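# Coordinate inspection notes
What follows is the residue order along each chain.
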Amino acid sequence: MLEVKNLSHAYAEAATKVLENIDLKVDSGELVSIVGPSGCGKSTLLRTIAGLIRPTSGQIRLGGTLVQDVPDNLAVVFQDYSRSLLPWMSVRDNVAFPLRGRGMDRKARRAAAEEALDAVGLSYAARKYPWQLSGGMQQRVAIARAIAYRPALLLMDEPFGSVDAQTREELEDLVLSVRANQEMTILLVTHDIDESVYVGDRVVVLGRHPGRVIGDVAVALPGNHDQITTRELPEFVHLRAEIGRLVRQAAEANPAA
Ligand code: ADP
């Protein structure tokens, strides 16, 4: 469903490449975590896939179509929820807003928004404004907006980086439940190794200077995920160590400038 082929990128003003020869394939319905040390180009990779940055070279195909602009079957959830929601619109209107581009009438947009808010447990807050909600709730609204849109591909860039640890766990479980109930492919960038293993079907590890794929690890954890029992499984502990080692090697080989 997503194919990144031989992708390299250098920002115009920089002498060195941020990303080099990235190859990545993601199947329909997969949830792939991308981890790597800070500055390795995770966000840059996500932005090129979102069509927000045109890579220096290489190709990105989404459902077989070359990405040259922002694809309309894609949604992005960023870390900074406070800047992604429109403060003058109610929660429901924020969720319904992008659906205008889907050719849905007002009634259908409202129904889709309410369904998505229900899926994230926020039906009761539909008439509130974003600034009346906690950070974790605002990020739930951003997730509801993304799922109401029913994108083929959902990109998440450090989506839980600005909330407290407890809320972070709740949002991780929310993403897993959304994924279980809807046909959606998800690419999630995180610097948190435990999170990458907990939510991912696969963890792609990037090295830095330049950013490149240094590991692609399948995650097959038994049973339904639970924040306490899953994290104490021997398989989980082993995967976390394996990925942690890769990330540490990448960081030590190329310390941040
Ligand atoms: P990560 O998300 O892994 O922390 P980024 O993709 O944000 O990494 O950044 C990778 C590198 O590219 C960093 O060295 C960063 O300073 C640089 N960079 C990011 N955005 C820009 C930009 N708009 N212009 C120039 N350099 C950038």
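Criteria and thresholds
- Residues numbered from 1 in each chain as written.
- Predicted model: local features only at pLDDT ≥ 70, side-chain atom pairs only at ≥ 80, totals over all residues.
- Heavy atoms only, no water.
- Near = heavy atom within 4 Å.
- Polar contact = N/O pair within 3.5 Å; in protein donor to acceptor, adjacent residues only side chain to side chain.
- Nonpolar A, V, L, I, M, F, W, Y, C, P; charged D, E, K, R; others polar.
- Helix = DSSP H or I, 4+ residues; strand = E, 2+ residues; numbered from the N terminus.
- Contact = heavy atoms within 4.5 Å.
- Patch = residues over 30% accessible without salt bridge, like charges linked within 9 Å, V, L, I, M, F, W, Y side chains within 5 Å.
- Areas by Shrake-Rupley, 256 points an atom, 1.4 Å probe, with all protein chains shown as cover.
- Salt bridge = Lys/Arg side-chain N within 4 Å of Asp/Glu carboxyl O.
- Lys, Arg positive; Asp, Glu negative; His and termini not counted.
- Charge placed at Lys NZ, Arg CZ, Asp CG, Glu CD.
- Buried < 20%, exposed > 50% of the residue type's maximum accessible area, 1.4 Å probe, protein only.
- Phe/Tyr/Trp six-rings, centres within 6.5 Å; stacked < 30°, edge-to-face > 60°.
- Lys NZ or Arg CZ within 6 Å of the ring centre and 35° of its normal.
- Axes fitted to C-alpha atoms, helices over the stretch in contact; angles between N-to-C directions.
- Parallel < 35°, antiparallel > 145°, perpendicular 65-115°, else oblique.
- Left-handed = near helix turned anticlockwise from the far one by under 90°.
- Pairing = 2+ DSSP bridges.

- The chain has the name ABC transporter ATP-binding protein in an unreviewed UniProt entry, where Actinoallomurus spadix is given as its organism.

### Here we look at the site of the ligand
- Every residue lining the ligand is accounted for by Tyr-11, Glu-13, Val-18, Pro-37, Ser-38, Gly-39, Cys-40, Gly-41, Lys-42, Ser-43 and Thr-44.
- Contacts to the ligand include Tyr-11, whose side-chain N or O atom sits 3.4 Å from a nitrogen atom.
- Within the backbone of Lys-42, an N or O atom sits 2.9 Å from an oxygen atom of the ligand.
- Here the shell around the ligand is built from residues that sort into four nonpolar, five polar and two charged.

### A closer look at the side chain of Gln-227
- Within the secondary structure layout, Gln-227 lies in the loop between strand E10 (212–218) and helix H8 (234–253).
- Among the polar contacts listed, one links the side chain of Gln-227 to the backbone oxygen of Glu-169, at a separation of 3.0 Å.
- Polar contacts involving the side chain of Gln-227 include one to the side chain of Glu-172, which spans 3.1 Å.
- Not counting residues up to four positions away in its chain, the partners in contact with Gln-227 are Glu-169, Glu-172, Asp-173 and Tyr-198.

### Observations regarding a positive patch on the surface
- A grouping of Arg-100, Arg-106, Arg-110 and Arg-127 is seen on the molecular surface, where their side chains present a positively charged patch.
- Here Arg-127 is to be found in the loop between helix H4 (106–119) and helix H5 (135–148).
- With relative accessibility at 70%, the residue Arg-127 sits in the exposed group.

### Considerations on the packing of aromatic side chains
- Going through the model one piece at a time under the given rule, you end up with one aromatic pair.
- Between the aromatic rings of Tyr-129 and Trp-131, the centroid separation amounts to 5.8 Å while the plane-to-plane angle is 15 degrees, which identifies the pairing as stacked.
- Given the relative accessible area of 32%, Tyr-129 is considered partly exposed.
- For Trp-131, a relative accessible area of 58% gives the class exposed.
- The ring of Tyr-149 has Arg-102 sitting right over it, with the charged end atom 3.9 Å from the ring centre.

### What about the packing of H4 against H5?
- Their axes nearest at 8 Å, the elements H4 and H5 cross at an angle of 130 degrees. By the criterion of interaxial angle, the relationship of H4 to H5 is oblique. In this structure, H4 meets H5 at a crossing whose hand is right-handed. Taking contact as the criterion, the partners of Ala-112, Ala-116, Leu-117 and Ala-119 in H4 are, on H5, Ala-144, Ile-147 and Ala-148.
- When grouped by side-chain class, the residues that make up the contact of H4 with H5 number seven nonpolar, no polar and no charged.

### Things to note about the sheet that holds E10
- The strand order E6-E7-E8-E3-E9-E10 describes an open sheet built from six strands, whose pairing is mixed. Every interior strand has two partners, whereas the edge strands, strand E6 (74–77) and E10, have only one. The average angle at which neighbouring strand axes cross in this sheet is 20 degrees, direction not considered.
- In this sheet, E10 lies alongside strand E9 (residues 202–207) in antiparallel orientation, the contact comprising six bridges. Paired with Val-205 across the strands is Gly-215, a residue of E10.
- Against the sheet, helix H1 (residues 42–49) engages strand E3 (31–35), E6, strand E7 (153–157), strand E8 (185–189) and E9, with an angle of about 155 degrees to E7.
- Packing against the sheet, H5 makes contact with E6 and E7, and its axis sits at approximately 175 degrees to E6.

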